Amino acid sequence: MEKVTREFTSKSAEETKSFAKNLAKKIKAGEIVALYGSLGAGKTTFVQGLVAGLGYEGRVFSPTFIFVRPYKLANSKHPPARLRQANRAGKTGNRKQKGKIKTLYHIDLYRVEKETDLKTLGIEEFLADKDAASVIEWPEKIDKILPKETIKIKIEIIGENERRIKVDE
Ligand SMILES: Nc1ncnc2c1ncn2[C@@H]1O[C@H](COP(=O)(O)OP(=O)(O)OP(=O)(O)O)[C@@H](O)[C@H]1O
Ligand SMILES: [Mg+2]
């Protein structure tokens with residue numbers, strides 16, 4: 001499928017979070033989001049917005065030291081029947097997706113050797129989880145083994161509070 005690039009210039013951490021919050025509506029279970037950007041670009045800030053957009057109400061920490069942090073998303077074995085029906089009838093826009101995400105895995109590969117394989121990392125099963133989605137900081141460490149459907153987001157530092165965010169979807 002052809003990739004389209006969208007660009008957004010963020011003027012504050014709050015704007016980056018709102019942008020990510022909005023993007024969360026489009027992410028479906030089974031998908032992977034790769035977040036590129038240098039130290040302090042705003043990757044974790046972006047994840048905070050993403051996690052909030054998925055309905056998680058707790059705090060988001062940087063998983064740099066623990067590597068993978070799972071966020072169990074609220075209330076959801078299944079959406080209620082009435083929403084499933086509305087969803088089938090196309091009445092809910094993309095607010096209630098079919099592939100509801102039950103867990104978001106926040107993965108930070110900063111401390112990982114380049115080209116370590118997924119099995120060694122132990123994240124294979126997270127990425128393959130069809131009820132979950134994953135968001136990865138420092139994805140260049142595993143670039144060669146990311147599925148080609150991965151949603152790639154690049155955050156560039158323009159100024160103290162300004163960031164350019166590019167989304168390939
Ligand atoms: N427009 C902006 N978008 C995002 N963050 C911003 C923006 N302007 C300023 N900031 C600040 O930049 C910092 C970004 O830190 P963050 O931890 O999100 O970066 P990171 O890319 O995850 O870094 P690391 O590589 O260390 O994990 C925060 O202090 C945030 O407040
Ligand atoms: Mg970070």
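Residues numbered from 1 in each chain as written. Chains lettered and ligands numbered in written order. Predicted model: local features only at pLDDT ≥ 70, side-chain atom pairs only at ≥ 80, totals over all residues.

- With an unreviewed UniProt entry as reference, the protein chain is termed tRNA threonylcarbamoyladenosine biosynthesis protein TsaE, source organism Candidatus Woykebacteria bacterium GWA1_44_8.
- Regarding the protein chain, the relevant UniProt record gives this comment under Subcellular location (unreviewed entry): "Cytoplasm". (UniProt positions renumbered as here; feature names shortened; annotations may be inferred.)

### So, the overall build of the protein chain
For step 1, the next point in the chain: The secondary structure content of the protein chain amounts to five helices and seven strands.
For step 2, the next point in the chain: Shown N-terminal to C-terminal, the secondary structure of the protein chain runs as helices and strands in the order β-α-β-α-β-α-β-α-α-β-β-β.
For step 3, the next point in the chain: Within the protein chain, contacts between residues separated by at least 24 positions form 77% of all contacts whose residues are at least 6 apart in sequence. (Helix = DSSP H or I, 4+ residues; strand = E, 2+ residues; numbered from the N terminus. Contact = placed C-beta atoms within 7 Å.)

### What about the site of ligand 1?
For step 1, the next point in the chain: Near ligand 1, the surroundings consist of 18 residues, among which Thr 16, Gly 42, Lys 43, Thr 44 and Thr 45 are the closest.
For step 2, the next point in the chain: Looking at the shell around ligand 1, the elements that each hand over two or more residues are α1 (13-24) and α2 (43-53).
For step 3, the next point in the chain: Of the residues assigned to the shell around ligand 1, the class counts are three nonpolar, 10 polar and five charged. (Near = placed C-beta within 6 Å. Nonpolar A, V, L, I, M, F, W, Y, C, P; charged D, E, K, R; others polar.)

### Considerations on the confidence of the model for the protein chain
For step 1, the next point in the chain: Put simply, the protein chain has an average pLDDT of 84, and 82% of its residues get 70 or more.
For step 2, the next point in the chain: Here helix α3 (residues 81-88) stands out as the least confident element of the protein chain, with mean pLDDT 51; strand β6 (residues 151-157) is the most confident, with 97.
For step 3, the next point in the chain: Segment residues 77-83 is flagged for pLDDT under 50; beyond a separation of four residues in sequence, or across chains, it makes five contacts in the model.
For step 4, the next point in the chain: pLDDT under 50 marks residues 93-97. Its contacts with residues more than four places away, or in other chains, come to seven contacts. (pLDDT = per-residue confidence, 0-100.)

### Quick look at the nonpolar core
For step 1, the next point in the chain: Counting residues in hydrophobic clusters, the biggest one holds 32 residues, and the most contacted among them are Val 33, Leu 35, Leu 50, Leu 104, Val 135 and Ile 136.
For step 2, the next point in the chain: At the level of elements, α1, β2 (32-36), α2, β4 (103-108), β5 (132-137) and β6 are the ones that each hand at least two residues to this core.
For step 3, the next point in the chain: Leu 50 has contacts with Ala 20, Leu 23, Ala 24 and Val 135, leaving out every residue within four places of it along the chain. (Core = buried A, V, L, I, M, F, W, Y, C linked by C-beta atoms within 7 Å. Buried ≥ 20, exposed ≤ 12 C-beta atoms within 10 Å, placed from the backbone.)

### Remarks on α2
For step 1, the next point in the chain: The buried count for α2 comes to nine of 11 residues, which makes it a mostly enclosed element.
For step 2, the next point in the chain: Packing partners of the buried residues in α2 comprise α1, β2, β3 (68-72), β4, β5 and β6.
For step 3, the next point in the chain: The first or second residue beyond α2 is Gly 55, which carries a positive phi of 95 degrees.

### Points about the sheet that holds β4
For step 1, the next point in the chain: With mixed pairing, the seven strands of this open sheet are ordered in space as β1-β7-β6-β2-β5-β4-β3. At either margin of the open sheet sits one strand with a lone partner, and together these are β1 (5-10) and β3. When the angles between neighbouring strand axes are averaged without regard to direction, this sheet yields 15 degrees.
For step 2, the next point in the chain: Relative to strand β7 (residues 163-168), β1 runs antiparallel, the two being bridged by six bridges. (Pairing = 2+ DSSP bridges. Axes fitted to C-alpha atoms, helices over the stretch in contact; angles between N-to-C directions.)

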